[in-house]
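Chain residues, written in single-letter form:
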Amino acid sequence: MTDFWLQYGDEMLPVIGDFPRVGDYLPSFMLVDDQKRDAALESYLGPKVIVTLLSVDEEEHGGILLLRETRRCLDRWPHLKLIVITVDSPSSLARARHEHGLPHTTLLSTLRGRDFHKRYGVLITEFPLSGYTAPAIILADANNVAHYTERLVDTRAMFDFDAIDALLQQGEQQALEAERAAEEARQQQLAERELGTERLVEKARQIEQTPPKTSYGNR
């Protein structure tokens with residue numbers, strides 16, 4: 001049973017598979033990059049953004065325009081790894097990189113990983129886009145746990161960049177607060193250690209200044 005539909009012009013196309021929800025661990029995958037090298041999810045360390053497109057050759061319909069806007073949204077967050085996945089061949093992805101630049105962007109093809117479509121819930125099943133990956137975005141942490149997931153309901157639409165930016169700002173604030181709390185705890189430990197050292201020094205000084213007891217024998 002299809003529970004998600006994608007509008008493409010006048011067509012409503014079913015999209016199937018298990019789209020990750022917030023809190024889910026991302027399924028592992030083995031795809032191929034624009035240099036025809038195998039690429040596994042586990043090889044991309046740190047927090048990441050996974051974007052699926054119809055094709056890098058599409059302009060308005062879930063293609064290069066959507067990618068440009070996504071990259072613009074993520075410019076403020078250079079620590080995030082941007083991974084873009086399409087059904088395009090590695091050669092097409094290499095050409096797109098040459099034509100559009102796309103620095104700091106990983107381009108992956110599902111050429112050798114067709115199970116990706118269903119495992120990530122982006123498989124379009126009807127003409128004219130049967131076999132394509134529906135436009136979607138997933139934000140995940142270094143442990144590959146999803147913190148934001150969104151599938152577009154219309155190929156001409158954009159992701160909710162305001163919500164994505166707000167979530168990233170919240171995450172940054174939480175990280176700063178955690179870092180501040182850790183620093184305060186470290187300073188407290190240092191202060192307690194120094195106080196303990198001072199007490200030991202003072203006790204040793206008192207012992208040194210205490211005159212030795214004199215023992216008197218019987219007369």
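Residues numbered from 1 in each chain as written. Predicted model: local features only at pLDDT ≥ 70, side-chain atom pairs only at ≥ 80, totals over all residues. Heavy atoms only, no water.

For the protein chain, an unreviewed UniProt entry supplies the name Thiol peroxidase and the organism Chromobacterium sinusclupearum.

## Focus: the packing of aromatic side chains
Considering all chains together, one arrives at 4 aromatic pairs under this definition. Ring geometry for Phe29 versus Phe116: centroids 5.8 Å apart, planes at 80 degrees, classification edge-to-face. Separated by 87 residues along the polypeptide, Phe29 in the loop between strand 2 (11–16) and strand 3 (30–33) and Phe116 in helix 3 (residues 116–119) bring together distant segments of the chain. Considered together, Phe29 and Phe116 belong to a single accessibility category, that of buried residues. Considering the side-chain rings of Phe116 and Tyr120, the 4.4 Å spacing of their centres and the 20 degrees angle between planes classify their relative orientation as stacked. Judged by relative accessible area, Phe116 falls into the buried class, the value being 2%. Members of the aromatic cluster, joined through ring pairs, are Phe29, Phe116 and Tyr120. Its end group placed over the ring of Phe4, Arg151 keeps NZ or CZ at 4.1 Å from the ring centre. (Phe/Tyr/Trp six-rings, centres within 6.5 Å; stacked < 30°, edge-to-face > 60°. Helix = DSSP H or I, 4+ residues; strand = E, 2+ residues; numbered from the N terminus. Buried < 20%, exposed > 50% of the residue type's maximum accessible area, 1.4 Å probe, protein only. Lys NZ or Arg CZ within 6 Å of the ring centre and 35° of its normal.)

## Concerning the pairing of strand 3
The pairing of strand 3 with strand 4 (residues 38–40) spans 3 bridges and is classified as antiparallel. Opposite Leu31, over in strand 4, you have Ala39 as the bridge partner. Bridge count for strand 3 against strand 7 (residues 105–109) is 2 bridges, and the pairing is antiparallel. From the neighbouring strand, Val32 faces strand 7, where its bridge partner is Ser109. (Pairing = 2+ DSSP bridges.)

## Notes on the sheet that holds strand 2
Taking strand neighbours across the sheet as the criterion, the 3 strands line up as 1-2-8 in an open arrangement whose pairing is antiparallel. Both outer strands of the open sheet, strand 1 (5–8) and strand 8 (123–124), are each paired with one neighbouring strand and no more. As defined by bridge partners, strand 1 adjoins strand 2 across 4 bridges and the pair is classed as antiparallel. Of the residues in strand 2, the one forming a bridge with Leu6 is Leu13.

## Here we look at the pairing of strand 6 (residues 81–86)
By the criterion of burial, strand 6 is predominantly enclosed, with 5 of the 6 residues buried. Sheet analysis places strand 5 (residues 48–52) next to strand 6, joined by 5 bridges and oriented parallel. Across the sheet, residue Lys48 finds its bridge partner in strand 6, namely Lys81. Two strands pair when backbone bridges link them, and strand 6 and strand 7 are joined in this way by 5 bridges, in the parallel orientation. Along strand 7, the bridge assignment pairs Ile85 with Leu108. With helix 2 (residues 90–100) bridging strand 6 and its parallel neighbour strand 7, the resulting β-α-β unit is right-handed. (Right-handed = clockwise from strand over helix to strand, strands pointing away.)

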